[in-house]
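The primary structure of each chain is shown beneath.
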Amino acid sequence: MSDPLLDTRATAGCPIEHALLVLDGKWSTLIIRELLSGPKRFGELRNGLGIGSPKTLTERLRILEHQGVLTRTVHAEVPPRVVYELTERSRSFRSVLEAMAAWGNADLALTDKAA
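Every chain is numbered independently, its residues counted from 1 as its sequence is written. At least 70 in pLDDT is required for a residue's local features to be given in this predicted model, at least 80 for side-chain atom pairs to be given and counted, and no such filter applies to totals for whole chains, interfaces and linings, which use all residues. Hydrogens and water are ignored here; the side-chain numbers use all heavy atoms of the structure.

(A) Quick look at the packing of aromatic side chains. Only Phe, Tyr and Trp rings are paired, with Trp represented by its six-membered ring, and only when their centres lie within 6.5 Å; those with planes under 30 degrees apart are stacked, over 60 edge-to-face, the remainder tilted. Under the definition given, this model contains zero aromatic pairs. Lying over the aromatic face of W27, K26 brings its terminal NZ or CZ to 4.7 Å of the ring centre. When the NZ atom of lysine or the CZ atom of arginine is within 6 Å of a ring's centre and also within 35 degrees of its normal, the charge is said to sit over that ring.

So, in structure tokens, the structure goes:
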């Protein structure tokens with residue numbers, strides 16, 4: 001049985017590379033983190049993430065929607081209300097982000113001790 005962390009098969013088969021394609025860039029990962037607590041409107045995401053440019057957030061949300069990571073629901077109201085929510089598949093990112101947070105906390109503690 002091979003170690004999944006050491007799997008060096010081509011891009012289409014490497015599980016780590018596949019995960020990185022979905023979690024591409026800082027904003028994608030942070031958007032997923034924000035949506036793990038539940039559905040959010042555009043303004044809530046923008047405020048929670050501290051993204052200055054609505055263009056950046058819109059672009060990243062479209063990519064994540066296209067990848068099947070989140071859904072975008074437009075409610076027929078005036079003004080229109082748009083809600084973003086993680087798909088069932090993408091809720092499994094919780095364990096990945098929890099592992100990243102644990103590593104980040106441990107590394108920050110080491111960095112603080114070294115300073």
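(B) Examining the pattern of salt bridges more closely. Just to be clear on terms, a salt bridge is a Lys or Arg side-chain nitrogen sitting within 4 Å of an Asp or Glu carboxyl oxygen. Applying the stated criterion across every chain, the model contains five salt bridges. Residue R60 pairs with D24 through a salt bridge whose shortest N-O separation is 3.8 Å. Residue R60 is found in helix 4 (residues 54-66), and its partner D24 is found in the loop between helix 1 (15-22) and helix 2 (25-35); the two are separated by 36 residues along the sequence. We note a salt bridge from E34 to R33, for which the minimum N-O separation is 2.8 Å. Relative accessibility under 20% of the residue-type maximum defines a buried residue, over 50% an exposed one, and the middle range a partly exposed one, all with a 1.4 Å probe and only protein chains included. R33 sits in the partly exposed class, given a relative accessible area of 41%. What counts as a helix is a DSSP run of H or I of at least four residues, what counts as a strand is a run of E of at least two, and both are numbered from the N terminus.

(C) Summary view of the side chain of T29. For T29, the location among the structural elements is in helix 2. A polar contact is formed between the side chain of T29 and the backbone oxygen of L23, at a distance of 3.4 Å. Every residue pair with non-hydrogen atoms within 4.5 Å of one another is taken to be in contact. With sequence-adjacent residues up to four places away left out, T29 is seen in contact with L23, L97 and M100. Identification of polar contacts relies on pairs of N or O atoms within 3.5 Å, with a donor-acceptor requirement for protein atoms, meaning one able to donate a hydrogen and the other able to accept it, and with residues adjacent in sequence counted only if both atoms are side-chain atoms.

(D) Examining the side chain of S28 more closely. For S28, the position within the fold is in helix 2. Here S28 falls in the buried class, since its relative accessible area comes to 0%. A polar contact is formed between the side chain of S28 and the side chain of R60, at a distance of 3.2 Å. Those residues in contact with S28, other than ones at most four positions away along the chain, are V22, L23, R60 and L64.

(E) Region of interest: the pairing of strand 3 (residues 81-86). Of the pairings in the sheet, the one linking strand 1 (residues 40-41) to strand 3 comprises two bridges and is antiparallel in character. Opposite K40, over in strand 3, you have Y84 as the bridge partner. By definition, two strands form a pair when at least two bridges between them are found by DSSP. Where strand 2 (residues 70-75) lies against strand 3, six bridges are found, and the strand directions are antiparallel. Across the sheet, residue H75 finds its bridge partner in strand 3, namely R81. In textbook terms, the turn of a hairpin is the stretch between consecutive antiparallel strands, and for strand 2 and strand 3 this stretch comprises five residues.

(F) Examining the sheet that holds strand 2 more closely. One open sheet holds the three strands; their spatial order is 1-3-2, and the pairing between them is antiparallel. The open sheet has two free edges, formed respectively by strand 1 and strand 2, since each of these has just one partner strand.

(G) Inspection of the packing of helix 2 against helix 3 (residues 42-49) at higher detail. Helix axes are fitted only over the stretch in contact, all axes being lines through C-alpha atoms; the angle between N-to-C directions runs from 0 to 180 degrees. Between helix 2 and helix 3, whose axes approach to 10 Å, the crossing angle comes to 115°. In the packing of helix 2 onto helix 3, the handedness of the crossing is right-handed. Residue-level contacts link W27, L30, I31, R33, E34 and L35 of helix 2 to L45, G48 and L49 of helix 3. Tallied by class, the residues present in the contact of helix 2 with helix 3 amount to six nonpolar, one polar and two charged. Handedness of a crossing is defined here by the sense of rotation of the near helix relative to the far one, left-handed for an anticlockwise turn of less than a right angle and right-handed for a clockwise turn. Any residue that is not Ala, Val, Leu, Ile, Met, Phe, Trp, Tyr, Cys, Pro, Asp, Glu, Lys or Arg is counted as polar, Gly included; the first ten are nonpolar and the last four charged.

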